[in-house]
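Survey of secondary and tertiary structure
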Amino acid sequence: MVRYHRYHQPRKSATESIKDEESQNLVLDCSTSAYYKRTRPKLLSFLLLITFLSCCYVFAPLFLGSSFPLSLLYSPATENDVNRDGVGVNDSTCSSVSAGTICCDRSGYRSDVCVMKGDIRTHSTSSSVFLYNSRSTSNVSRNIEEELQHEKIKPYTRKWETSVMDTIDELNLVSKKVNLGSVGSCDVQHDVPAVFFSNGGYTGNAYHELNDGIIPLYITSQHFNKKVVFVILEYHSWWIMKYGDILSRLSDFPAIDFRGDNRTHCFPEAIVGLRIHDELTVDSALMRGNKSITDFRNLLDQAYWPRIRGLIQDEERKAQEKLREQVSSSPLSETSQQQYIRQQVQENPMKKPKLVILSRSGSRAITNENLLVEMAKEIGFLVQVLKPDRTTELAKIYRNLNASDVMIGVHGAAMTHFLFLRPGSVFIQVVPLGTAWAAETYYGEPARKLGLKYIGYEIHPRESSLYGKYDKNDPILRDPTSINKKGWEYTKKIYLDSQKVILDLRRFRKRLHRAYEYTLSKSKLSLQHQPM
């Protein structure tokens, strides 16, 4: 399940805010020195001011460090700068790394990312990745290894969440100066870069697998054009099987199990850790080539379509065989039979807009789902109830949602599958009590970024099973926000694990009918633009 508390940042105190304002106005403070305030001839004062400002500009990099960009002296930090990891492609702290060096960008709230270039070698038994620099020939008599830099990193995208980061394996990134030829040979020599990341943490949850793993992996590696090797800490064979279609679109090479493969793998370059932008999205402003979440969605199409095409062909073949059996005993001529078969196979699926209901069992299930199905059919939808579980092949889920016009589901990790909808489709999220903020933040806003028509249906207290357990004036029903403020354990126990939904079908019908009309109007518009 999605951890609701995972992205609350503490507000700055008044004292901290004052400090921030002082640091952001550093250049201005340089101009307000004591001598400037004294009475002096205007020309002399002006010359002294110009001289002092020039000194500030020239010597600021020396005091602030060579990696500190001067532009930060003039630009106060914004909320987005804090919330989203990464900066513009050309402005990144580690956008340009010299050979033989390690550069770590730890400015992100969600993840750390380190970049290494040179003679890079894995050493899994010590949880290390070494970067070797050869000592000059004049110093070959010194038969010792000199450590130049040592960085530690946990390559997982939930940096702010201490509880889960405590479970993530840590990597040592060590740069050493050694004598030429004193380092052992490589067991496996790669001529392409590596990307190191962890599959620990919340892996096993659909939301976290995509938000914390797959999308950040796309963000970090897509510019390599598949010429990259993935090195995985906490490697899971089932994860490789589940996301193999996507991984094959990001890399031409098999992934490496860092713990399970004790061989020395050598790389010319490595990125350790994944970049992440926001919830289930790709920020084009931070991407090379202005890639966006739509480009990620196109990659899903490329990944799953070969398998989907095979599924469709198998089903069409079976459907044709069944139809032949049905019409073989009829008095129709052979030509009429063939025309009837083609008409049934090709035209029937296009008659009604398709609606898929992602069904839940247990907590947050829609108890009157059968009545919802009947109502949707009455409105005019072709309805399919989908109950995916951890063993359901993603290509099959993708095939059903990609072919649908509307998706309905109750807030939860399965809503992550809105990424499988075609842009322009309708996504109706049923929002139980106590989940409004999370539903909008984790699914509503990202769905709009993908180009979906998003409808959030916040249930009334009477539509919750909690209505029968608590007094109608209880804060649990009337003020869920106050309950959520008590902590994650309250949200989980009350609103996520102990609540079911009884839809007010008369009220919900309005949203469903609106979705139907929108789908029809979109279809008509599409037909008008088709070439004759």
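Keep in mind that what you see is a predicted model, and the values were worked out from it rather than measured.

1. Notes on the pairing of strand β8 (residues 229-233)
In terms of burial, β8 is largely enclosed, as 5 of its 5 residues are buried. Judged by which residues are buried, β8 turns out to be covered on both faces: Val229, Val231 and Leu233 on one side and Phe230 and Ile232 on the other are all buried. Pairing of strand β7 (residues 194-198) with β8 involves 5 bridges; the strand directions are parallel. The residue of β8 that forms the bridge with serine 198 is leucine 233. In this view, the connection linking β7 to its parallel neighbour β8 by way of helix α7 (residues 206-221) has right-handed handedness. Bridge count for β8 against strand β9 (residues 256-257) is 2 bridges, and the pairing is parallel.

2. Topic: unusual backbone geometry
For lysine 226, which is not glycine, the phi dihedral falls at a positive 75°. Positionally, lysine 226 belongs in the loop between α7 and β8. Under the relative-accessibility criterion, lysine 226 is labelled partly exposed at 24%.

3. Some details on the packing of helix α10 (residues 293-328) against helix α13 (residues 394-402)
Geometry of a packed helix pair, given as the angle between the helix axes and the separation of the axes. It is the contact of α10 with α13, at a shortest axis distance of 9 Å, that shows an interaxial angle of 90°. In terms of axis orientation, α10 runs roughly perpendicular to α13. Within the contact between the two elements, α10 uses Arg297, Leu300, Asp301, Tyr304, Trp305, Arg307, Ile308, Leu311, Ile312 and Glu315 and α13 uses Leu394, Ala395, Lys396, Tyr398, Arg399 and Asn402. Of the residues contributing to the contact of α10 with α13, the split by class is 9 nonpolar, 1 polar and 6 charged.

4. Thoughts on the packing of aromatic side chains
According to the stated counting rule, one finds 18 aromatic pairs in the structure shown. Look at phenylalanine 196 and phenylalanine 258: their rings are 6.2 Å apart centre to centre, the planes differ by 75°, and that puts the pair in the edge-to-face class. Separated by 62 residues along the polypeptide, phenylalanine 196 in strand β7 and phenylalanine 258 in the loop between β9 and β10 (265-272) bring together distant segments of the chain. What makes phenylalanine 258 buried here is its relative accessible area of 2%.

5. A short note on α7
An α-helix turns once every 3.6 residues. As a result, residues three or four positions apart point the same way. Helix length check: α7 (16 residues) gives 21 Å between terminal C-alpha atoms against 22 Å at 1.5 Å per residue, within 8%. Counting buried positions along α7 gives 15 out of 16 residues, so the element sits mostly inside the fold.

6. Here's the deal with the pattern of salt bridges
The full count for this structure, using the stated rule, is 25 salt bridges. For aspartate 119, the salt bridge is made with arginine 121, and the minimal N-O distance between the two is 2.9 Å. Judged by its relative accessible area of 12%, arginine 121 is buried. Across the salt bridge formed by aspartate 497 and lysine 492, the nearest N and O atoms sit 2.7 Å from each other. Judged by relative accessible area, which is 35%, aspartate 497 ranks as partly exposed.

7. Considerations on the sheet that holds strand β11 (residues 354-358)
Strand order in the open sheet formed by 5 strands is β12-β11-β13-β14-β15, with parallel pairing between adjacent strands. In this open sheet, the two strands that pair with only one neighbour each are β12 (382-386) and β15 (453-458). Averaged over neighbouring strand pairs, the angle between their axes works out to 15° when direction is ignored. The pairing of strand β14 (residues 426-431) with β15 spans 6 bridges and is parallel. By the bridge assignment for β15, valine 431 is matched with glutamate 458. Where helix α12 (residues 369-379) meets the sheet, its contacts fall on β11 and β12, and the angle it forms with β12 comes to roughly 155°. Where helix α14 (residues 436-449) meets the sheet, its contacts fall on β14 and β15, and the angle it forms with β14 comes to roughly 175°.

8. What about the environment of isoleucine 483?
Within the fold, isoleucine 483 resides in helix α16 (residues 480-484). A relative accessible area of 6% places isoleucine 483 in the buried class. The spacing of isoleucine 483 and glycine 434 is 49 residues in sequence and 8.0 Å in space, taken between C-alpha atoms. Other than its neighbours up to four places away in sequence, isoleucine 483 contacts Pro475, Ile476, Tyr490, Ile494 and Tyr495.

Thresholds, definitions, all that
Residue positions within a chain follow its written sequence, with the count starting from 1. Whole-chain, interface and lining totals are the exception, using all residues; otherwise, since this is a predicted model, local features are given only for residues with pLDDT of at least 70 and side-chain atom pairs are given and counted only at 80 or more. To obtain the side-chain values, all non-hydrogen atoms of the structure were used and water was disregarded. For each residue, the accessible area found with a 1.4 Å probe, counting protein chains only, is set against the maximum for its type, and the residue is called buried under 20%, exposed over 50%, and partly exposed in between. We count a stretch as a helix when DSSP gives it H or I for four or more residues in a row; a strand needs E for two or more, and each element gets its number in order from the N terminus. Here the rule is simple: two strands pair whenever DSSP picks up at least two bridges between them. Handedness of a crossover: with both strands directed away from the viewer, a clockwise path from the first strand across the helix to the second marks it as right-handed. Axes here refer to lines fitted to C-alpha atoms; in helices the fit is confined to the stretch in contact. Angles between the N-to-C directions go from 0 to 180 degrees. Every angle not falling under 35 degrees, over 145, or within 65 to 115 is termed oblique; those three ranges are roughly parallel, roughly antiparallel and roughly perpendicular. Here, residues are in contact when the closest pair of their heavy atoms is within 4.5 Å. Ten residue types, Ala, Val, Leu, Ile, Met, Phe, Trp, Tyr, Cys and Pro, are classed as nonpolar, four, Asp, Glu, Lys and Arg, as charged, and the remainder, Gly among them, as polar. Working definition: a ring pair exists when centres of Phe, Tyr or Trp rings (six-membered ring for Trp) sit within 6.5 Å. Plane angles under 30 degrees give stacked, over 60 give edge-to-face, the rest tilted. A helix is expected to reach a length of 1.5 Å times the quantity of its residues less one. Within this document, salt bridges are pairs made up of a side-chain nitrogen of Lys or Arg and a carboxyl oxygen of Asp or Glu, the two lying within 4 Å of each other.

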